Amino acid sequence: MLSTEPRHYYRRMEEDTDYRIRFSSLCFFNDHIGFHGTIKSSPSDFIVIEIDEQGQLVNKTINEPIFKISEIQPEPNNFPKKTKLDLQNLSFEDGRNQEVNTLVKYTDGDQNHPSGSEKEDTISDGTSKCEEKADVLSSFLDEKTHELLNNFACDIKEKWLSETELIGLPLEFSIGRILDKNQRASLHSAIRQKFPFLITVGKNSEIVVKPNLEYKELCHLVSEEEAFDFFKYLDAKKENSKFTFKPDANKDHRKAVHHFVNKKFGNLVETKSFSEMNCSTGNPNVVITVRFREKAHKRGKRPLPECQEGNVIYTAFTLRKENLEMFEAIGFLAIKLGVIPSDFSYAGLKDKKAITYQAMVVRKVTPERLKNIEKEIENKRMNVFNIRSVDDSLRLGQLKGNHFDIVIRNLKKQINDSANLRERVMEAIENVKKKGFVNYYGPQRFGKGRKVHTDQIGLALLKNEMMKAIKLFLTPEDLDDPVNRAKKYFLQTEDAKGTLSLMPEFKVRERALLEALHRFGMTEEGCIQAWFSLPHSMRIFYVHAYTSKIWNEAVSYRLATYGARVVEGDLVCLDEDIDDENFPNSKVHLVTEEEGSANMYAIHQVVLPILGYNIQYPKNKVGQWYHDILSRDGLQTCRFKVPTLKLNVPGCYRQILKHPRNLSYQLMEDHDIDVKMKGSHIDETALSLLISFDLDASCYATVCLKEIMKHDVLN
């Protein structure tokens, strides 16, 4: 049982000389002893597989079979993993892919919409929408529950169609408790997509289904078919998509529809009226178009000519890379495909010294063109597969999380520990599995340079010190290699052209900056143009590195000051299903004095803000600490916007504790494992740990392992 007072187990992690002194301030949350070991002895010892928004592992081929939850056995306490649900292929209503295509019809300026009679249908022709055979819900629910849900939905629909009240009908239906967070999220979405006239509510891991009264209200203004499609559109949340109601010549009626949509969903979507010519009468019709409000990171971005014409091609694929930095991989792909690095989008960054699988989208490249370079890129330790056309690019954070398969070698006990090593390992894993780990950003967020880290560059950008940021970016390490010799030459001479001749071709980012500096000069304006030679996602990455570093320091201060107690002035998240950082202020609650005294909240609910212009601070010592840090770094008046680089940093919140999910492990002797290490000489009797787990987006496996081992993982 954790103490509620600050204790010795919030001790600092040992200093890691590779990552400067910053990581000596990180705290441990658990009080087990831990053990020593080595990770990343080879890339195959550290496998990272992205989990997409549907909970699908991206390394799976698209046509893999679907497994029902009832067919999946409980995960054993060993290395082989249970089969993951293949949600990407599952279909809602008329098929998931058809549902996406339906949105496309409303998206690309096509206003030749089907009339009500063309789709009117399935409710009146004897094939109820409640009875579609290809149904994602059958993959989640047992037959009985699925049937009861269908009956509940049909009863609600029939009452509404007959214009009678819901007298005598149950007002809600319980799916039951679903313990797995990803399965809950998928079920919420599946039910809303199949039955837009229903809503789902979470209650302590239980999913409750109720009638959607807003749906019924909209049915009084538009056809039932339009209401059905509109709520499906809303729940899909497909960025850059549009929905268009049928043409409406009645201005007062259009005004009522505008009012309804903006009153109910104005924070999410916006509406506009457009005229279109009626071919049969020659008179203009007016239609109401709904679209999702533009997100901050999209604003100010100049559209390409192709975007204006609606002709941009987007090709999605899964990238497998081995022992390769992600930006280096993108740079090589860009050269081979004849595009620029900013044409690639991705949901998250991945480790270098590992085998990683991640989703990517490249624009202005057809699937056939990408397939043509498959063989050519294999020599660069890269593979691409699951190649297909899509409607839009990816954005950072557009994922559920990551799955990890890790081998930790050369296990040893801590110094002066007389306990059994196997018992120590099992104790440590079970402890973190139960209590969680401090949700620090990992060292890879800040780079491995000893002289300059990415957060220092980010701070300079926030302070509009463009020239200083360039010099920090091009500061050499104390190594005698071509890259660092080129950087050293630049700092001595500021000769961009000469430095370009020295900089190796594979350093894509460095060469892009240098080419811009050669063109525009080493001036303040030239440095701004140089930063624009990098994609927006890369520019914002440096600013995020700074805000991440401050968050790490804040959580250490919070735990050292208050321990595991939830105290007055803390911020807590009220939504149990939150698994990322993109939740609004409305989900964050400031703990009152009475709530703190009554111990109403648990430590795993506590969040801390990540710096930005749209966050609130704790109202206790931690809040004052934030203000002191901003003063220390010269950001007292910072608005967290860098207009010259089109960077906006609204901020968000991050839970201070996280738990690994679907965790399994196995202890083995190294001679039982396929050891793929060049020139390795490992004692055959050495013990290794094979461990497998899932983490939410923006959580770091190395941080989780450090909490388990109570020691810096060596790599």
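Residues numbered from 1 in each chain as written. Predicted model: local features only at pLDDT ≥ 70, side-chain atom pairs only at ≥ 80, totals over all residues. Heavy atoms only, no water.

## Side note on the overall build of the protein chain
Each helix and strand counted, the protein chain has 22 helices and 23 strands in total. Pairs at least 24 apart in sequence give 72% of the contacts found in the protein chain among residues at least 6 apart. As displayed, the protein chain offers around 33200 Å² of accessible surface, 49% of which is attributable to carbon and sulfur atoms. (Helix = DSSP H or I, 4+ residues; strand = E, 2+ residues; numbered from the N terminus. Contact = heavy atoms within 4.5 Å. Areas by Shrake-Rupley, 256 points an atom, 1.4 Å probe, with all protein chains shown as cover.)

## Points about the packing of helix α12 (residues 421–435) against helix α22 (residues 701–709)
Here α12 crosses α22 at 125°, and the two axes come no closer than 8 Å. With respect to each other, α12 and α22 are oriented oblique. For the element pair α12 and α22, the recorded crossing hand is right-handed. Between α12 and α22, the contacting residues are Ala428, Ile429 and Val432 on the first element and Cys704, Glu707 and Ile708 on the second. Tallied by class, the residues present in the contact of α12 with α22 amount to five nonpolar, no polar and one charged. (Axes fitted to C-alpha atoms, helices over the stretch in contact; angles between N-to-C directions. Parallel < 35°, antiparallel > 145°, perpendicular 65-115°, else oblique. Left-handed = near helix turned anticlockwise from the far one by under 90°. Nonpolar A, V, L, I, M, F, W, Y, C, P; charged D, E, K, R; others polar.)

## Here's the deal with the side chain of His258
In this fold, His258 is placed in helix α7 (residues 251–265). Contacts of His258, omitting those with residues within four sequence positions, involve Thr271, Lys272, Ser273 and Ile288.

## What about the sheet that holds strand β3 (residues 173–177)?
Spatially, the three strands line up as an open sheet ordered β3-β5-β4, and their pairing is antiparallel. Each edge of the sheet is formed by a strand with only one pairing partner; in this case those strands are β3 and β4 (198–203). For this sheet, the mean angle separating the axes of adjacent strands, direction not counted, is 20°. Two elements, β3 and strand β5 (residues 206–211), share four bridges in a ladder whose sense is antiparallel. (Pairing = 2+ DSSP bridges.)

## Observations regarding the packing of aromatic side chains
A full pass over the atoms with the stated rule returns 27 aromatic pairs. Relative to Phe197, the ring of Phe195 lies with its centre 5.9 Å away and its plane at 65°, an arrangement referred to as edge-to-face. Of the two residues, Phe195 and Phe197, both sit in the buried class. The interplanar angle of 70° and the centroid separation of 5.5 Å between the aromatic rings of Phe541 and Tyr542 together place this pair among those described as edge-to-face. (Phe/Tyr/Trp six-rings, centres within 6.5 Å; stacked < 30°, edge-to-face > 60°. Buried < 20%, exposed > 50% of the residue type's maximum accessible area, 1.4 Å probe, protein only.)

## Section: the side chain of Arg320
Within the secondary structure, Arg320 sits in strand β9 (residues 314–322). Taking relative accessible area as the criterion, Arg320 reaches 19% and is therefore assigned buried. For Arg320, the side chain forms a polar contact with the side chain of Tyr357, separated by 3.2 Å. Other than its neighbours up to four places away in sequence, Arg320 contacts Ile355, Thr356, Tyr357, Arg381, Met382, Asn383 and Phe385. (Polar contact = N/O pair within 3.5 Å; in protein donor to acceptor, adjacent residues only side chain to side chain.)

## Re the confidence of the model for the protein chain
The predicted model of the protein chain averages 79 in pLDDT, with 77% of residues at 70 or higher. The secondary structure element of the protein chain with the lowest average pLDDT is helix α1 (residues 96–107), at 31, and the one with the highest is helix α21 (residues 621–632), at 97. Across residues 64–134 the pLDDT falls below 50, and counting only partners more than four positions away or on other chains, this stretch makes 138 contacts in the model. Predicted confidence for residues 296–309 stays below pLDDT 50, and this span has 17 contacts to residues more than four positions away or in other chains. (pLDDT = per-residue confidence, 0-100.)

## A few points about the pairing of strand β22 (residues 661–669)
In terms of burial, β22 is a largely internal element, seven of the nine residues being buried. Here β22 runs beside strand β23 (residues 687–696); their pairing, made up of seven bridges, is antiparallel. Across the sheet, the residue bridging to Tyr665 is Ile691, located in β23.

## Notes on unusual backbone geometry
In the Ramachandran plot, Lys237 falls in the positive-phi region, its phi being about 50° despite a non-glycine side chain. Here Lys237 is to be found in the loop between α6 (224–236) and β6 (242–244). Phi at Asn599 is positive, roughly 50°, even though this residue is not glycine. Structurally, Asn599 can be placed in the loop between α20 (593–597) and β17 (606–610). By relative accessible area, which is 61% here, Asn599 ends up exposed.

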